[in-house]
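Examining the three-dimensional arrangement
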Protein chains: 2
Amino acid sequence: VRRVTALAGGIGGARFLRGLRAALADIHAEITVIGNTGDDITMHGLRICPDLDTVMYTLGGGIHEDQGWGRADETYTVKEELAAYDVGPTWFGLGDRDIATHLVRSQMLSAGYPLSDVTAALCARWQLGVALLPMSDDRVETHVVIDGDGQRRAVHFQEWWLHLHAGVPAQDFVFIGADEATPAPGVIDAIRNADVVLLPPSNPVVSIGSILAVPGIGDALRTTAAPVVGLSPIIGNAPVRGMADACLTAIGVETSAYAVAGHYGSRADQGILDGWLVDESDKDAADLLTEEGLPTRAIPLFMHDVDTAAAMATAALDVADEVRP
Amino acid sequence: VRRVTALAGGIGGARFLRGLRAALADIHAEITVIGNTGDDITMHGLRICPDLDTVMYTLGGGIHEDQGWGRADETYTVKEELAAYDVGPTWFGLGDRDIATHLVRSQMLSAGYPLSDVTAALCARWQLGVALLPMSDDRVETHVVIDGDGQRRAVHFQEWWLHLHAGVPAQDFVFIGADEATPAPGVIDAIRNADVVLLPPSNPVVSIGSILAVPGIGDALRTTAAPVVGLSPIIGNAPVRGMADACLTAIGVETSAYAVAGHYGSRADQGILDGWLVDESDKDAADLLTEEGLPTRAIPLFMHDVDTAAAMATAALDVADEVRP
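So, a few notes on the structure that sits alongside this text. (Residues numbered from 1 in each chain as written. Chains lettered and ligands numbered in written order. Predicted model: local features only at pLDDT ≥ 70, side-chain atom pairs only at ≥ 80, totals over all residues. Heavy atoms only, no water.)

This brings us to the side chain of B:S210. Residue and element names in this part refer to chain B. With respect to the helices, strands and loops of the structure, S210 is situated in helix 8 (residues 208–212). Among the polar contacts listed, one links the side chain of S210 to the backbone oxygen of S207, at a separation of 3.0 Å. For S210, the contacting residues outside a window of four places in its chain are N36, G38, M135, T142, F175 and V205. (Helix = DSSP H or I, 4+ residues; strand = E, 2+ residues; numbered from the N terminus. Polar contact = N/O pair within 3.5 Å; in protein donor to acceptor, adjacent residues only side chain to side chain. Contact = heavy atoms within 4.5 Å.)

Here is the structure:
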């Protein structure tokens, strides 16, 4: 059995994981996904885990394909009614189907179940074919430090991302609660006991970065016997989707496949990467990184469909085999 | 200004109140409704107040007219999704539009607002034209004692009513929490300072009975200077709607307009009624009750529409004027 562990954020991570599952369909593999919960939020009393749900819906066949998040055939009756009651906020896309997920989650959390148990219970319906673990059962929330009329203030990541459309420059990201958080059950073992660890092309700051902010996870990556291979979410100095550039700029990292590799760092230099994949258009960066000691391969990194995502996963697994000590 | 206070349960009460509002449209009147909360229930983490909502939607123009409860143009997406997660119960008709009401309510209650404030906030949207007060801000839940395979057990009223369809004989009704409950702010004053108090044709046991179970409300009715006039929910030995017969039988009261009047009792005999209205088909009962000392009038008591409900309300106000000390 080949044990593959992946850290994942939302859309990009979920689509990559679907490719990974396809790439491993014919061999006996166990895939464990450590999902970001830093963008979780409570709205209208509902506990919402956007990244976990995107992974769950994508792998479970319930995702809105074009949109990349939320449910297919979604309706927004509850949201319209909430607006009629004039209770905010209205900028969060809270669909009716999606609300059922949040109701089940919120009720189980209120009853005292940890998020990892809740996530497993929700996933039982969707039959992902992977084990989905939240990075932590503790509350960790990503807040964004912005300049609000001359005064620094922090807003929840979702407000900055969805409401402000990342249009107000982020000055910093703070993972509130991370210091006190512990990895959810199974997370550290999944990294330690893996044959391969993958970093999908998720946002390095607010998806992977928040996972790495949980004490113990970074150390596990730096010390696991498994090769750790990442895929760049940046192609030709622009994020494939989302607003990773705004996030990278805030933490002083250039928006390039080369710079993100440097941000993660190679294990030879106390970083977390043993191998790196960049888009074919970034071949120069691949050559330079390889020369500098981080084995890097340039391949097509646009996920048009499951097949292209599977090809990326296969390439990542190949790189892992090559760099395996 | 004419101050009219009414106690109300669900469908029958709400339709009567719509008639009352119409009957008083041309004069300066203040209508206060004391709503039953004994059938409130928490489902999927949502706090649901079926009777308050039926009054709110009916007077606010959002009611499903044929059904008598729930929202017009309702959809059931969330309910279907909850069923797909295999989380029960499934026998409660939880509509998407309705869920928005419950989300607002649940969140406000969690934030510490009393139910009376929450109800006022919800009603602000619906512009009822009446003040709707819950009977109490404290939790009072009507449970039904039934015989479960030889053993007495109590089930929540909603389970008995909606799930068992009142098909298992009720042996008793218990208003859990009533002993410790206090009337919501404004309830006692609304009875004491009223010019008229009305008991709409609501279920005498589980709608009006639960309101009367709150300490202080019965005393206020027995001692108010205002005439108290009720309308029979029973016509010709059968309830107009619902299963009031099953409720009355459980507490040893015959299903008749005459017996319900006796159950409430006339104020001359330490009861709460100064006047009573029965259907024209129950004229014999009216004569007998009047002879026995309770002024009773027989009029058409079927509420086909707002006009017939308004005619009933007008008749009740007329009786109040006649019996006024």
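Another aspect to go through is the relation of the copies chain B and chain A. For the pair chain B and chain A, the superposition axis carries a translation of 0.0 Å, the fit reaches an RMSD of 0.0 Å, and the rotation angle comes to 180°. Each copy turns onto its partner about a two-fold axis. For chain B, the minimum C-alpha distance to the rotation axis belongs to B:D96 and amounts to 3.6 Å. The residues that chain B uses at the interface reappear at the interface of chain A in 100% of cases, marking a shared surface. (Least-squares fit on C-alpha atoms with pLDDT ≥ 70 in both.)

To continue, consider the sheet that holds strand 7 (residues 151–156) of chain A. Residue and element names in this part refer to chain A. What the 3 strands build is an open sheet, ordered 7-6-8; its pairing is antiparallel. Each of the sheet's edge strands pairs with one partner strand only, and the pair in question is strand 7 and strand 8 (170–176). The mean angle between the axes of side-by-side strands here comes to 30°, regardless of whether they run parallel or antiparallel. Here strand 6 (residues 141–148) pairs with strand 7 via 6 bridges, running antiparallel. When the bridges of strand 7 are listed, V144 appears paired with V155. (Pairing = 2+ DSSP bridges. Axes fitted to C-alpha atoms, helices over the stretch in contact; angles between N-to-C directions.)

Looking now at the packing of helix 2 (residues 50–60) of chain B against helix 5 (residues 115–126) of chain B. Residue and element names in this part refer to chain B. Contact geometry of helix 2 with helix 5 gives a least axis separation of 10 Å together with a crossing angle of 20°. Our classification of the angle between helix 2 and helix 5 gives roughly parallel. For helix 2 against helix 5, the interelement crossing comes out right-handed. Counting all contacts with helix 2, which are made through L52, M56, Y57 and G60, the residues of helix 5 involved are L115, T119, L122, C123 and W126. Looking at the contact of helix 2 with helix 5, its residues break down into 7 nonpolar, 2 polar and no charged. (Parallel < 35°, antiparallel > 145°, perpendicular 65-115°, else oblique. Left-handed = near helix turned anticlockwise from the far one by under 90°. Nonpolar A, V, L, I, M, F, W, Y, C, P; charged D, E, K, R; others polar.)

All names here are of chain B. Here L17 is to be found in helix 1 (residues 11–23). Residues L17 and V33, spaced 16 residues apart in sequence, show a C-alpha to C-alpha distance of 8.4 Å. Contacts of L17, omitting those with residues within four sequence positions, involve A6, A8, V33, V55 and L59.

The next thing to look at is the interface of chain B and chain A. Quoted interface sizes are often the accessible area lost when the parts come together. The interface is formed by 25 residues belonging to chain B together with 25 residues belonging to chain A. In total, about 2,100 Å² of surface goes out of reach between chain B and chain A, with carbon and sulfur atoms giving 65% of it. Where chain B meets chain A, there are 6 salt bridges. Put simply, the parts of the chain that give the side of chain B that touches chain A at least two residues each are helix 2, helix 3 (77–84), helix 4 (96–110) and helix 5 of chain B. For the side of chain B that touches chain A, the class distribution of residues is 14 nonpolar, 6 polar and 5 charged. (Buried area = accessible area lost by both parts, 1.4 Å probe. Salt bridge = Lys/Arg side-chain N within 4 Å of Asp/Glu carboxyl O.)

This part takes up the sheet that holds strand 9 (residues 196–199) of chain B. All names here are of chain B. Taken in spatial order, the 7 strands make up an open sheet running 5-2-1-9-10-13-14, and their pairing is parallel. What marks the edges here is a single partner per strand, and that holds for strand 5 (131–134) and strand 14 (296–299). The sheet shows a mean angle of 20° between the axes of neighbouring strands, taken without regard to direction. Both strand 9 and strand 10 (residues 228–231) contribute to a ladder of 3 bridges, which runs parallel. For V197, the partnering residue across the bridge sits in strand 10 and is V228. In the packing of helix 1 onto the sheet, the strands contacted are strand 1 (2–8), strand 2 (29–35), strand 9 and strand 10, and the crossing angle to strand 1 comes to about 170°.

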